[in-house]
Amino acid sequence: MRINHNISSINTNRLLGANNKATSKSLEKLSSGLAVNRAGDNAAGLAISEKMRGQIRGLNQATSNANDGISLIQTAEGGLNETHSILQRMRELAVQSANDTNTDSDRKEIQKEVDQLTKEITRIATDTEFNTKKLLDGNMAAKVTSDATTNKAKISVAAGSNLTASGTYTINMKESGTATVSGNATNKPAVDTTYTYDGSAWKDEYGATMDATGLTLGGTAAKGDTIKIAHADGAATLTKVYEIDSISGPDGGKVSNSAFNVSDVTATFNAGKATVTAVVDTTNALTFHIGANEGQNTRLTVQSMKAEDLGVSNIDLTSQATSETAITTIDIAINTVSAQRAALGAMQNRLEHTINNLGTSSENLSAAESQIRDVDMAEEMSQFTKNNILVQAATSMLAQANQQPQSVLSLLQG
């Protein structure tokens, strides 16, 4: 028998310490509800869990971002709703003024209301704001920043097109018809006169039909084609209408033909085709960050909805003829506003689907993070009960082990 080293006591004390530590960890987990309270509990699990937590909080914030984006869009769309109402009233007044039961003084009174309505359209465009950010004044528009008049084409971004990529767009044009003209007009006009094909006949700005005597017209004219006859010698010059065939974006992808307004293509091109370019700047487009990570966003452009940019700043209802013209002008403006509202509505619907997806992703990721980080209370309670019993048993056995050396005294007494 040895008394300098009580191996049984040492062994029991070691196990008691281990059981105490296990009991303490169980108490900590049961108290916090977490299986991982420090890196030592599960080093890899902690790292994975923290990464998941970052994603979850990012997804939740992205949901909030998307909701804010919807609020902004609804604000802009609300302003355009009133713009639509104003344009409809202006059209109504134009139709009224086009009726010759009105006198000139009547039309002057109608003109007063139209002038005020025009000012209100611009005021709505300049004053509609969300969080002090102006929405309809063109600051968030996709803009053609270069000359963009290759081959004498006028290019502008169409409202509602929602171009979101800055860069050079290639626009392939094609002739709308195959009209040809040769010869000199026998009956020369008093001044250089331009005749426009209205779909059935060539007419000047007053509606008079062109005298084609001396001219040879061939092919099929397209509505909008023009023939200019010189006063001096009756020489005729045909200018053909061009329309968009296809558009390629900066990344080489195809862009909707409705993204641009292209007009006044007056040059003559080989094989009846033309290519024009537009350098577009979209740096001021609205960016909605709708994901947890870098680059997970969507962009929205909002074209200017001012009266000038809608083409209704100079509506004239003071005569029957100008009132007739105004009806078509206002119709174009109504279509422009409709296109922009449609783009806003499409983005709002997209964001609503985005919110649903973000919520699902956050929920599923939270469940995965819970598997790593959260403690199973029932299982841990069983572990705690086991460890608690082992602590009590080890404490009792330690007392017994410490009593064993006492038996040596019986040898001394003998």
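The coordinates are above.
Conventions we followed
- Residue numbers restart at each chain and count upward from 1, following the sequence in its written direction.
- Two thresholds apply to this predicted model, a pLDDT of at least 70 for residue-level local features and 80 or more for giving and counting side-chain atom pairs, whereas whole-chain, interface and lining totals are computed over all residues.
- For the side-chain quantities, the full set of heavy atoms in the structure was used; hydrogens and water were omitted.
- By definition, any uninterrupted DSSP run of H or I lasting at least four residues is a helix, any uninterrupted run of E lasting at least two residues is a strand, and each is numbered from the N terminus.
- Restricting the calculation to C-alpha atoms gives the radius of gyration, and the globule rule supplies 2.2 Å times the number of residues raised to the power 0.38.
- In this scheme, a residue with accessible area under 20% of its type's maximum is buried, one over 50% is exposed, and one in between is partly exposed, where area comes from a 1.4 Å probe on protein chains only.
- One bridge is not enough; two strands pair if DSSP finds at least two bridges between them.
- Lining residues are those with an atom within 4 Å of a point, where the points come from a 1 Å grid over the protein atoms alone and group into cavities, where a 1.4 Å probe fits but cannot get out, or pockets, open sets with protein on both sides within 12 Å along at least five of seven lines.
- Grid points are joined across faces, edges and corners, and a volume is the space filled by probe spheres set on the points.
- When residues are grouped by polarity, Ala, Val, Leu, Ile, Met, Phe, Trp, Tyr, Cys and Pro land in nonpolar, Asp, Glu, Lys and Arg in charged, and all others, Gly among them, in polar.
- We count a salt bridge whenever a side-chain nitrogen from Lys or Arg sits within 4 Å of a carboxyl oxygen from Asp or Glu.
- Helices are assigned an expected span. That span is 1.5 Å times one less than the residue count.
- In this description, contact between two residues means that some pair of their heavy atoms is separated by no more than 4.5 Å.
- For helices, the axis comes from a line fit to the C-alpha atoms of the stretch in contact; other axes are also lines fit to C-alpha atoms, and the angle between any two N-to-C directions lies between 0 and 180 degrees.
- Put simply, angles under 35 degrees are roughly parallel, angles over 145 are roughly antiparallel, angles from 65 to 115 are roughly perpendicular, and the rest are oblique.
- Take the far helix as your reference; a near helix turned counterclockwise from it by less than a right angle gives a left-handed crossing, and one turned clockwise gives a right-handed crossing.
- What makes a nonpolar core is a set of buried Ala, Val, Leu, Ile, Met, Phe, Trp, Tyr and Cys residues whose side-chain atoms join them at distances within 4.5 Å.

With respect to the overall build of the protein
Within the protein, the regular secondary structure consists of seven helices and 17 strands. What you see for the protein is a C-alpha radius of gyration of 40 Å, clearly larger than the 22 Å of a compact globule of 414 residues, by over 25%. Its C-alpha atoms give the protein principal-axis dimensions of roughly 155 × 55 × 30 Å. Counting over 414 residues, the protein shows a buried share of 36%.

Focus: unusual backbone geometry
Both trends apply: most residues other than glycine have a negative phi, and most peptide bonds are in trans. Of note in this structure, Asn131 is not a glycine but carries a positive phi near 55°. Residue placement: Asn131 occurs in the loop between β1 (129–130) and β2 (133–134).

Considering the sheet that holds strand β7 (residues 193–197)
Spatial strand order, β8-β7-β10-β11: four strands in an open sheet with antiparallel pairing. Each end of this open sheet is capped by a strand with a single partner; those strands are β8 (202–203) and β11 (236–239).

Topic: empty space enclosed by the protein
Evaluated as defined, the whole model comprises one cavity of 30 Å³ or more. The calculated volume of the largest cavity comes to roughly 30 Å³. Considering the residues around the largest cavity, the lining is formed by Ala141, Lys143, Asp281, Thr282, Thr283 and Asn284. Residues of the lining of the largest cavity, tallied by class, amount to one nonpolar, three polar and two charged.

A short note on the layout of surface pockets
Looking at the largest pocket, its volume works out to about 590 Å³. Lining of the largest pocket is provided by 21 residues; of these, Val157, Ala159, Asn261, Asp309 and Thr336 occupy positions nearest its centre. Among the secondary structure elements, those contributing two or more residues to the lining of the largest pocket are β3 (143–144), β4 (154–157), α4 (307–310) and α5 (320–373). Among the elements that take part in the lining of the largest pocket, α5 stands out by supplying three residues, more than any other.

Here's the deal with the pattern of salt bridges
Counted under the stated rule, the structure contains 16 salt bridges. Across the salt bridge formed by Arg53 and Glu50, the nearest N and O atoms sit 3.9 Å from each other. Taken as a pair, Arg53 and Glu50 lie in helix α2 (residues 43–97) at a separation of three residues, close to a single helical turn. What you see here is one network of salt bridges that share partners, running through Glu50, Arg53, Glu369 and Arg373.

Brief notes about helix α6 (residues 377–403)
Compared with an ideal rise of 1.5 Å per residue, which puts 27 residues at 39 Å, α6 spans 39 Å between its outermost C-alpha atoms and is within 8% of the ideal. Of all the residues in α6, the buried ones are Glu380, Phe384, Asn387, Val391, Ala394, Leu398 and Ala401. The secondary structure elements touched by the buried residues of α6 are α1 (7–32).

A word on the side chain of Thr12
With respect to the helices and strands, Thr12 occurs in helix α1. In this structure Thr12 comes out as buried when scored by relative accessible area, which is 13%.

Section: the side chain of Gln340
For Gln340, the position within the fold is in helix α5. Apart from residues lying up to four places away in sequence, Gln340 is in contact with Leu80, Ala159, Gly160, Thr301, Val302, Gln303 and Met305.

What to know about the packing of α2 against helix α3 (residues 104–127)
Taken N-terminus to C-terminus, the directions of α2 and α3 make an angle of 165°; their axes are 10 Å apart at the nearest point. The angle between the axes of α2 and α3 places the two elements in the roughly antiparallel class. Here the hand of the crossing between α2 and α3 comes out left-handed. Residue-level contacts link Gly79, Glu82, Thr83, Ile86, Leu87, Arg89, Met90, Leu93, Gln96 and Ser97 of α2 to Arg107, Ile110, Glu113, Val114, Leu117, Thr118, Glu120, Ile121 and Ile124 of α3. When the residues that make up the contact of α2 with α3 are grouped by side-chain class, the tally is nine nonpolar, five polar and five charged.

What to know about the environment of Thr23
By secondary structure assignment, the location of Thr23 is in helix α1. Residue classification places Thr23 among the buried residues on the basis of a relative accessible area of 9%.

What about the nonpolar core?
The biggest cluster of nonpolar side chains holds 43 residues, and the ones touching the most others in it are Leu87, Met90, Leu136, Phe288 and Val312. With eleven residues, α2 is the single largest residue contributor to this core. What Leu87 contacts, discounting residues up to four positions off in sequence, is Ile121, Val312, Ile330, Ala333, Ile334 and Val337. Listed in part, the 19 residues of the second largest apolar core include Tyr242, Ile247, Val255 and Val280.

Looking at the packing of α1 against α6
α6 packs onto α1 with a crossing angle of 155° between their chain directions and a minimal axis gap of 8 Å. With respect to each other, α1 and α6 are oriented roughly antiparallel. As α1 packs across α6, the resulting crossing turns out to be left-handed. Grouping the amino acids of the contact of α1 with α6 by side-chain chemistry returns 13 nonpolar, 13 polar and two charged.

Comments concerning the pairing of strand β10 (residues 226–229)
One ladder, built from four bridges, connects β7 with β10; its direction is antiparallel. Bridged to Tyr195 within β10 is Ile227. With four bridges joining them, β10 and β11 adopt antiparallel strand pairing. Bridge pairing in β11 links Ile229 to Ala236. Hairpin remark: β10 followed by β11, antiparallel, with six residues in the connecting loop; positive phi at Gly234, about 75°.

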